Amino acid sequence: MISILLPIFNEEKANEFYIETLKFHQENYTLFLPNSNNNVEILYQIIRNEQLEKYPYLQNNSVRFPLFRYEIENNFLSFIKKLVDNKVVVLTMLSHSGGYSARIQDPFFNTFEVICEEFDDVNQDSINLNDWAFYQRL
């Protein structure tokens with residue numbers, strides 16, 4: 001089992017983002033990545049107000065190294081469109097010979113990556129990649 005401690009400062013907002021928007025699976029107080037067969041667990045590490053005051057970098061909006069990466073099997077463009085429609089911050093999205101990858105920022109300025117090896121998407125014809133300033137083709 002791999003455990004990832006995820007720094008947050010609002011559990012309700014974290015649940016809305018990770019469970020409702022990204023569809024992470026929750027059991028008790030533990031989150032599991034989609035399609036991970038519960039091999040990777042994500043545990044909230046709640047940051048208190050006094051910690052924010054003492055360590056201002058915790059609320060810094062600078063780009064950080066991603067905390068984790070996970071893979072989705074297909075329909076990557078639809079996945080990204082849903083995130084954009086939900087006002088999720090997508091920092092970068094790349095199309096390369098091995099598929100797609102995107103770096104996403106959560107409401108607590110943590111970043112993570114999502115990858116997909118499949119180019120096909122059921123909504124491919126209705127999604128214009130040129131509308132996304134964060135998109136790059138390698």
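Scope of this entry: the structure provided in the associated data block. (Residues numbered from 1 in each chain as written. Predicted model: local features only at pLDDT ≥ 70, side-chain atom pairs only at ≥ 80, totals over all residues. Heavy atoms only, no water.)

Let's shift gears to the pairing of strand β4 (residues 40-46). In the sheet, strand β1 (residues 2-8) pairs with β4 via seven bridges, with the strands oriented parallel. Among the inter-strand pairings, L6 is bridged to a residue of β4, identified as Y44. Pairing of strand β3 (residues 30-32) with β4 involves two bridges; the strand directions are antiparallel. What sits directly across from F32, in β4, is E41. (Pairing = 2+ DSSP bridges. Helix = DSSP H or I, 4+ residues; strand = E, 2+ residues; numbered from the N terminus.)

We now examine the sheet that holds β3. Strand order in the open sheet formed by four strands is β1-β4-β3-β2, and the pairing between neighbours is mixed. Pairing within the sheet leaves two strands with one partner each, and these edge strands are β1 and β2 (25-27). Within this sheet the neighbouring strands show an average axis-to-axis angle of 35°, counted without direction. Alignment of β2 against β3, held across three bridges, turns out to be antiparallel. Looking at β3, one finds that Q26 is bridged to L31. Strands β1, β2, β3 and β4 of the sheet are contacted by helix α1 (residues 11-21), whose axis makes an angle of about 155° with β4. (Axes fitted to C-alpha atoms, helices over the stretch in contact; angles between N-to-C directions. Contact = heavy atoms within 4.5 Å.)

Counted according to the given criterion, the structure contains three salt bridges. Of the charged contacts in the structure, one is a salt bridge between D85 and K81, with a shortest N-O distance of 2.9 Å. Here D85 and its partner K81 are both found in helix α3 (residues 76-85), four residues apart, which amounts to about one turn of the helix. Residue class for D85 comes out partly exposed when judged on its relative accessible area of 47%. Among the residues examined, K81 registers a relative accessible area of 31% and is labelled partly exposed. Residues participating in the shared-partner salt-bridge network are R69, R103 and E113. (Salt bridge = Lys/Arg side-chain N within 4 Å of Asp/Glu carboxyl O. Buried < 20%, exposed > 50% of the residue type's maximum accessible area, 1.4 Å probe, protein only.)

Inspection of the entire model under this criterion finds 14 aromatic pairs. Three or more aromatic residues joined by ring pairs make a cluster, and in this case those are F17, Y18, F24, F68, Y70 and F112. (Phe/Tyr/Trp six-rings, centres within 6.5 Å; stacked < 30°, edge-to-face > 60°.)

This part is about the nonpolar core. Residues Y18, F68, Y70 and M93 are the most contacted members of the largest nonpolar core, which totals 36 residues. Contributions of two or more residues to this core are made by β1, α1, β4, α3, β6 (89-96), β7 (99-105) and β8 (111-116). Counting residues per element, this core draws most heavily on α3, which supplies five residues. Residues within four places of Y18 in sequence aside, it is in contact with L6, K23, F24, L31, Y44, F68, D106 and F112. (Core = buried A, V, L, I, M, F, W, Y, C linked by side-chain atoms within 4.5 Å.)

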